[in-house]
Amino acid sequence: GENVEQHPSTLSVQEGDSAVIKCTYSDSASNYFPWYKQELGKGPQLIIDIRSNVGEKKDQRIAVTLNKTAKHFSLHITETQPEDSAVYFCAASPLQGAQKLVFGQGTRLTINP
Amino acid sequence: AAGVIQSPRHLIKEKRETATLKCYPIPRHDTVYWYQQGPGQDPQFLISFYEKMQSDKGSIPDRFSAQQFSDYHSELNMSSLELGDSALYFCASGKRYQETQYFGPGTRLLVL
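Counting starts from 1 at the beginning of each chain's written sequence and moves along it residue by residue. Whichever chain is written first becomes A and whichever ligand is written first becomes 1, with later ones labelled in order. With pLDDT at 70 or above as the cut-off, local features in this predicted model cover only qualifying residues; side-chain atom pairs require 80 or more to be listed or tallied, and sums for whole chains, interfaces and linings still use all residues. The side-chain values count all of the structure's non-hydrogen atoms but skip hydrogen atoms and water molecules.

Peer 1: Account for the sheet that holds strand S3 (residues 19-24) of chain B, naming residues and giving values.
Peer 2: Strands pair in a sheet through their backbones, by hydrogen bonds, and they do so in one of two ways: parallel or antiparallel. Residue and element names in this part refer to chain B. Two strands are said to pair when DSSP picks up at least two bridges between them. Each helix corresponds to a stretch of at least 4 residues labelled H or I by DSSP, and each strand to a stretch of at least 2 residues labelled E; elements are numbered beginning at the N terminus. One open sheet holds the four strands; their spatial order is S1-S3-S8-S7, and the pairing between them is antiparallel. Edge strands, defined here as strands with exactly one partner in the open sheet, are strand S1 (5-7) and strand S7 (64-68). Neighbour-to-neighbour, the strand axes of this sheet turn through a mean angle of 15 degrees, independent of strand direction. Summarising the sheet, S7 and strand S8 (residues 74-78) pair through five bridges and their orientation is antiparallel. Along S8, the bridge assignment pairs Gln67 with Glu75. Every axis in this analysis is a line fitted to C-alpha atoms, fitted for helices over the stretch in contact. Angles between the N-to-C directions lie between 0 and 180 degrees.

Rendered as structure tokens:
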């Protein structure tokens, strides 16, 4: 089955700097890669996703890149703000409709004012 | 916009008791997924339903069962609770032929 590895487990950056979180996956059949933000006591919130036919996707300060050959994808957050502090999870699933998500271990991102 | 609704939000049970968690998907979503998240862990897939039929099964203990009803809401039934069942339980909803899953706020279960 699919296995998703996520790094780093914790990340601390100064406000205004950029943050990068990386994930690798094992199953070449995976084609859908969402990123979720989870704040304390809340459910995971989808912030961006990418499908295998796209190499990069951007939404304001957030971007995701995908390298299918190397089986890795990354989340980039620019101009970080204190409210970006949270745990971020990457996930993978086959692009065949409703399928279970396999999550990475999570990254605790702290933005220092 | 309407979101996934889960109830109860918090639940405290004794060992060997039973618990029922409910999930109401986003309107017009027909697929429901259940995930379990232990402290400091990532969400682990338990089970999913589409049109009242189980569509996939993950690491769900035999003590747990779930079903989806005609109005698409779902219930997760947990029996013979163990201390290790203490966790956050999330429901996510989506549409059958779309990959995007939207998570609810979760039910925090504490087994004493």
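The rest of the description comes next.
Peer 1: Describe in detail the interface of chain A and chain B, supporting the description with residues and values.
Peer 2: Contacts are assigned to residue pairs with any non-hydrogen atoms lying within 4.5 Å of each other. At the interface, 20 residues of chain A touch 22 residues of chain B. By buried area we mean the combined loss of accessible area, with a 1.4 Å probe, across both parts when two parts are placed together. A buried area of about 1,600 Å², summed over both sides, lies between chain A and chain B, and 55% of it is on carbon and sulfur atoms. By salt bridge we mean one thing: a side-chain nitrogen of Lys or Arg within 4 Å of a carboxyl oxygen of Asp or Glu. Seen at the junction of chain A and chain B, the total is one salt bridge. Glu99 of chain B is the partner of Arg51 of chain A in a salt bridge, and the nearest nitrogen-oxygen pair spans 2.9 Å. We call two N or O atoms a polar contact when they sit within 3.5 Å, provided that within protein one can donate a hydrogen and the other can accept it, with sequence-adjacent residues counted only if both atoms are side-chain atoms. Our count for the contact surface shared by chain A and chain B stands at five residue pairs in polar contact (both at pLDDT 80 or more). For the side of chain A that touches chain B, the secondary structure elements donating two or more residues are strand S4 (30-38) and strand S5 (45-51) of chain A.

Peer 1: Tell me what's going on with the pattern of salt bridges, and back it up with residues and numbers.
Peer 2: One pass over the structure, following the stated rule, counts eight salt bridges over all chains. Residue Asp84 of chain A is joined to Arg61 of chain A by a salt bridge in which the shortest nitrogen-to-oxygen separation is 2.9 Å. Of this pair, Asp84 of chain A sits in the loop between strand S8 (72-77) and strand S9 (86-94) while Arg61 of chain A sits in the loop between strand S6 (56-59) and strand S7 (62-67), and the two are 23 residues apart along the sequence. Through salt bridges with shared partners, a single ionic network connects Asp49, Arg51 and Lys57 of chain A together with Glu99 of chain B.

Peer 1: Before we move on, could you go through the side chain of His73 of chain B and cite the residues and values that matter?
Peer 2: All names here are of chain B. Along the chain, His73 turns up in the loop between S7 and S8. A distance of 2.7 Å separates a polar atom in the side chain of His73 from a polar atom in the side chain of Asp71. Ignoring any residue separated from it by four or fewer positions in sequence, one finds His73 in contact with Cys23, Tyr24, Pro25, Gln67 and Gln68.

Peer 1: Give a detailed account of unusual backbone geometry, specifying residues and quantitative values.
Peer 2: Of the consecutive residues His7 of chain A and Pro8 of chain A, the connecting peptide bond is found in the cis state with omega at -5 degrees. Note that Pro8 of chain A resides in the loop between strand S1 (4-7) and strand S2 (10-14). A cis amide bond links Ser7 of chain B with the next residue in sequence, Pro8 of chain B, at an omega value of -10 degrees. Its place among the elements puts Pro8 of chain B in the loop between S1 and strand S2 (10-13). A positive phi angle is found at Gln60 of chain A, which is not glycine, with a value near 55 degrees. Positive phi values are uncommon outside glycine, yet Arg28 of chain B reaches one of about 75 degrees. Looking at where Arg28 of chain B falls in the secondary structure, it is placed in the loop between S3 and strand S4 (31-37).

Peer 1: Give me the pairing of S9 of chain A: which residues, what numbers.
Peer 2: All names here are of chain A. Residue exposure (1.4 Å probe, protein chains only): buried if accessible area is under 20% of the type maximum, exposed if over 50%, otherwise partly exposed. A large share of S9 lies buried, amounting to eight of its nine residues. Examined bridge by bridge, S4 and S9 share six bridges and lie antiparallel to one another. Counted as the bridge partner of Lys37 is Tyr88 from S9. Relative to strand S11 (residues 107-112), S9 runs antiparallel, the two sharing three bridges.

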